[in-house]
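# Secondary and tertiary structure notes
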Amino acid sequence: MAAFLARRLVQSALILLGVSFVTFVLLYALPADPVRQIAGRSATAETVENIRRELGLDRPFIVQYARYLGGLLQGDLGRSYLQKTEVAELIAARLPATLLLMLGAIIAELAIGLTMGIIAALRRGTATDTSLMVASFVGVSAPQFVVGLLLLYVFAVQLQWFPIGGYGTLAHLVLPALTLGILGAGWYSRMMRSSMIDVLRQDYIRTARAKGLARRRIVLRHALPNAILPIIAMIGIDIGIFMGGIVVVESVFGWPGIGQLAWQAIQRVDIPIIMGVTLVSAFAIVLGNLLADLVTPFIDPRIRIR
Amino acid sequence: MTRLLASSAVALALSLPAAAQDYVPDPNAKPGGNIVITYKDDVATLDPAIGYDWQNWSMIKSLFDGLMDYVPGTTELRPGLAESYEISEDGLTYTFRLRPGVRFHNGREMTAEDVKYSFERVTTPATQSPGAGFFASIKGYDAITDGSATALEGVTVVDPSTISIELSRPDATFLHVMALNFASVVPREAVEAAGDDFGKAPVGTGAFRLADWTLGQRLVFEKNPDYWREGVPYLDTITFEVGQEPIVALLRLQNGEVDVPGDGIPPAKFVEVMADPAQAARVVEGGQLHTGYITLNVTIPPLDNPEVRKAINMAINKERITQIINGRAVAASQPLPPSMPGYTEGFEGFAYDPDAARDLLADAGLADGFETELYVMNTDPNPRIAQAIQQDLAAVGIRASIQSLAQANVIEAGGAGTAPMIWSGGMAWIADFPDPSNFYGPILGCAGAGEGGWNWSKYCNEALDAAATEADSFTDPSAPDRLAKWSEVYMKVMEDAPWVPVFNEQRYTMKSARMGGADALYVDPVSIPVNYDYVYVTE
């Protein structure tokens, strides 16, 4: 177990190093000069060069990367070019909102996905099953900005059940969490359906049924705990999927998280922020996968970590 | 020192003949209340040496003051922290007498030392100010820029309430420069205490002070009770909510939750809003110092031929392009917008005439047209405008392929000089200050034509540069002779046709029903979206 953990931690560190290098190269190769963005249009050539020198952007690529990495190892994500603020501070200010959104999305996707999956499994082969699976397919394939705008229009503008974007109360959380969770819900409903169908075929379910237990009790007490196991391990992996979605969802709903921060930084070529958010996201994904691996053996003793 | 002026009124009368009136306070104005302004993007910084986007520009104006200022809602200069000023006869020395008893938000009294410190701070390379170049006419600028000096030689503290600034060349725009945010007076101790974070903890002398800033969510400005201008500001607080899409902001305004959507009326909703009399009544329309244009790169054949550039000018149907943006603009005939001093009244420019354009092309040996590229920023409505331009060009035989890219990439291609044609939409010039020189140097003059400059036509006419320098050696920015000279410069530019001036955008500011104050405050040329210091609420 300890050896596994040590190996995975080294792997994770290497992955993060790789991500930082690839992102840095891509941003360096960008056909847009961040200094021009900072200097603005009225700046003279000498002002532009001064700013370039002050930021160290006149140095060779490898020096710039080494400097960045040096800072990173000391926990320094650098300063935003345009906001002139520590990137760590900007991310820290926005991380709680993103985590809250993710938590909401996990609850939404489990609630919707598991319910749909269970119903579909119990009504296997019926029209209910088919329509639920079509719905899940739509959920998996619909672009998030479309889903987001649709939910916003119907439930906030027309029905006025929820506020029109923003942040602060539980009511603000519902629509963005739903938007982010719908993709996972579609995915989970399919997994839950097949897992449930598998479990319902098991001998112990037949035994339970032979004992004359109520159908409701069989499903909730006997089948569900076993069917749900493989799904729990997936939640860690969801974090990676969410990281992609938050950029879109946070922008649509005006949710003050790191996705919105990244989106604004991309438009302004604010490289330190883009790097910072990318690394934090990569860290979250690596962590999520690691947790998923660690949780699995507890759920299913047949899998053992070595 | 020939013109010693004792009061601001006299100073204005002598130095700015056209601008004798200061602002008359609104008799109906009521103090108190809070307004809500929304923005899509977070505020980058409130440091006056750094902030240079149209969102933080007006916010900084309300937190800080400079020696000069503008009469609210107009382009007319008035003294700010300076009570009066005098200009030496050779136009090289400006002496400002400071208003007594002005205090920073931290309670300390502002002195001439603060003015000197502020100018040195903005020009020192370590500050990385995008506006440093505006101060280039101050003596000693070069030394501080290249690091050989830490003080500006030309700036002298005469006594605690008098500062004298010596220029290395006459500069008609100098008083405008003194009214730029970059010239705001900041207290050294607050800047040094905040270190790199002064932009998040601004301390000025302005009408408001920053009360709260929750990153990514909101900023709250509160009234400066000791503001040195009598009677203003009216509002107790202003709340800026960030991270709000324009479309969402409009819905919230209709719901009574927002007073002014800072990003304006979203284009997709414009027709709908204006068609509803109740909503249209709350929209204020005004001109702005903006010109949208197509740059024609004079270094890339066949655009190096002025006749070809004229033909392109005649081929473009500007009226139709203004229709694409729902008529939110007026067709342009010249680089300067109509509300800018120096604009040439009555000049028609190149009228839309595809037949004449074809003839000109045939005369240039291009009867079959040619192929070229049109660069455009990839956000609506710019690609649609580019398509209209493409069709107009195709009608005279010019086959232009559209390169629709992110803003930064278009700016890069323009600066590098690799783009034959660029539609300026989304990046177009809006004046930093209301003076005709501001439309020449960076975007039409030789200085901007170098690698990375904003003169995307790469047009460089040294005779015109000389004429521009001559026009700027007047001491009075609004001297009729000076404005005539500028008018002449732009007419000569049109003879060479490095641009197709397409339209001048109009500004539309929407406000809630409870907002009060003259319409001019809502289309203030230097404060977008509104002049926060003078607006008020009626309930």
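Report follows, based on the coordinates. One numbering rule holds for all chains: residues counted from 1, following each sequence as written. Ligands are numbered from 1 and chains lettered from A, in the order in which they are written. At least 70 in pLDDT is required for a residue's local features to be given in this predicted model, at least 80 for side-chain atom pairs to be given and counted, and no such filter applies to totals for whole chains, interfaces and linings, which use all residues. Derived side-chain values reflect all non-hydrogen atoms in the structure, with water molecules and hydrogen atoms excluded from consideration.

## Overview of the overall build of chain B
Formally: Numbering goes from the N terminus for both helices and strands, where a helix is a DSSP run of H or I of at least four residues and a strand is a run of E of at least two. With the radius of gyration taken over C-alpha atoms, the globule rule is written as 2.2 Å times the number of residues to the power 0.38. When a residue's accessible area, from a 1.4 Å probe over protein chains only, is under 20% of the maximum for its type it is buried; when over 50% it is exposed; and in between it is partly exposed.
On a plain count of helices and strands, chain B comes out with 17 helices and 21 strands. Its C-alpha atoms give chain B a radius of gyration of 24 Å, within 12% of the compact-globule value 24 Å for 539 residues. Projecting the C-alpha coordinates of chain B onto the three principal axes gives extents of approximately 70 × 55 × 40 Å. Out of the 539 residues belonging to chain B, those deemed buried represent 61%.

## Here we look at the sheet that holds strand β5 (residues 93–98) of chain B
Working definition: the strands of a sheet are paired by backbone hydrogen bonds and lie parallel or antiparallel to each other. Residues and elements named next belong to chain B. Heads up, the rule is: Between any two strands, pairing holds if DSSP finds at least two bridges. In this analysis, axes come from line fits to C-alpha atoms, helices being fitted only over the stretch in contact, and the angle between any two N-to-C directions falls in the range 0 to 180 degrees.
Ordered in space as β4-β5-β7-β6, the four strands form an open sheet in which the pairing is antiparallel. At either margin of the open sheet sits one strand with a lone partner, and together these are β4 (82–87) and β6 (155–159). Each neighbouring strand pair of the sheet contributes to a mean axis angle of 20°, computed without reference to strand direction. Bridge analysis of β4 against β5 gives five bridges, and the strand direction is antiparallel. By the bridge assignment for β5, Glu86 is matched with Thr95.

## Here we look at the environment of B:Val410
Checked against the element boundaries, B:Val410 lands in helix α14 (residues 407–416). Along the backbone, B:Val410 and B:Tyr375 are 35 residues apart, and their C-alpha atoms lie at a distance of 6.6 Å.

## Points about the packing of helix α10 (residues 215–232) of chain A against helix α11 (residues 234–253) of chain A
Our working definition: Note on contacts: a residue pair is in contact if any heavy atoms of the two residues lie within 4.5 Å.
Look at α10(A) against α11(A): their axes get within 6 Å of each other, and the N-to-C directions meet at 40°. Every residue of α11(A) that contacts α10(A) at A:Pro230, A:Ile231 and A:Ile232 is listed here: A:Met234, A:Ile235 and A:Gly236.

## Considerations on the pairing of β6(B)
Residues and elements named next belong to chain B. Here β6 runs beside strand β7 (residues 162–166); their pairing, made up of four bridges, is antiparallel. Looking across to β7, one finds that Thr156 is bridged to Ser164. Following β6, the chain reverses through two residues before pairing antiparallel with β7.

## Quick look at unusual backbone geometry
Residues and elements named next belong to chain B. Backbone torsion omega between Pro301 and Pro302 reads -5°, so that peptide bond is classified as cis. Looking at the element boundaries, Pro302 is found in the loop between β13 (290–296) and α10 (306–315). The peptide bond linking Ile528 to Pro529 adopts the cis configuration, its omega dihedral lying at 5°. Examined against the element boundaries, Pro529 turns out to sit in the loop between β20 (515–516) and β21 (536–537). Backbone geometry places Ala497, a non-glycine residue, at a positive phi of 50°.

## Things to note about the sheet that holds strand β1 (residues 34–39) of chain B
All names here are of chain B. Here five strands make up an open sheet; going across it, the order is β8-β9-β10-β1-β11 and the pairing mixed. In this open sheet, the two edge strands, each paired with only one partner strand, are β8 (208–214) and β11 (260–261). Here five bridges tie strand β9 (residues 218–223) to strand β10 (residues 237–242), and the two strands are oriented antiparallel to one another. Counterpart to Leu219 in the pairing with β10 is Phe240.

## Thoughts on the state of the cysteines
Residues and elements named next belong to chain B. Worth spelling out the cut-off: Working definition: a disulfide is two cysteine sulfur atoms within 2.5 Å of each other.
Taken as a whole and judged by the stated rule, the model has one disulfide over all chains. Paired by a disulfide, Cys446 and Cys460 hold their sulfur atoms 2.0 Å apart. Disulfide Cys446-Cys460: torsion about the S-S bond near 95°, hence right-handed. Here Cys446, found in the loop between α15 (441–444) and α16 (462–471), pairs with Cys460, found in the loop between α15 and α16; they are 14 residues apart in sequence, far enough to count as distant. Since its relative accessible area comes to 19%, Cys446 is described here as buried.

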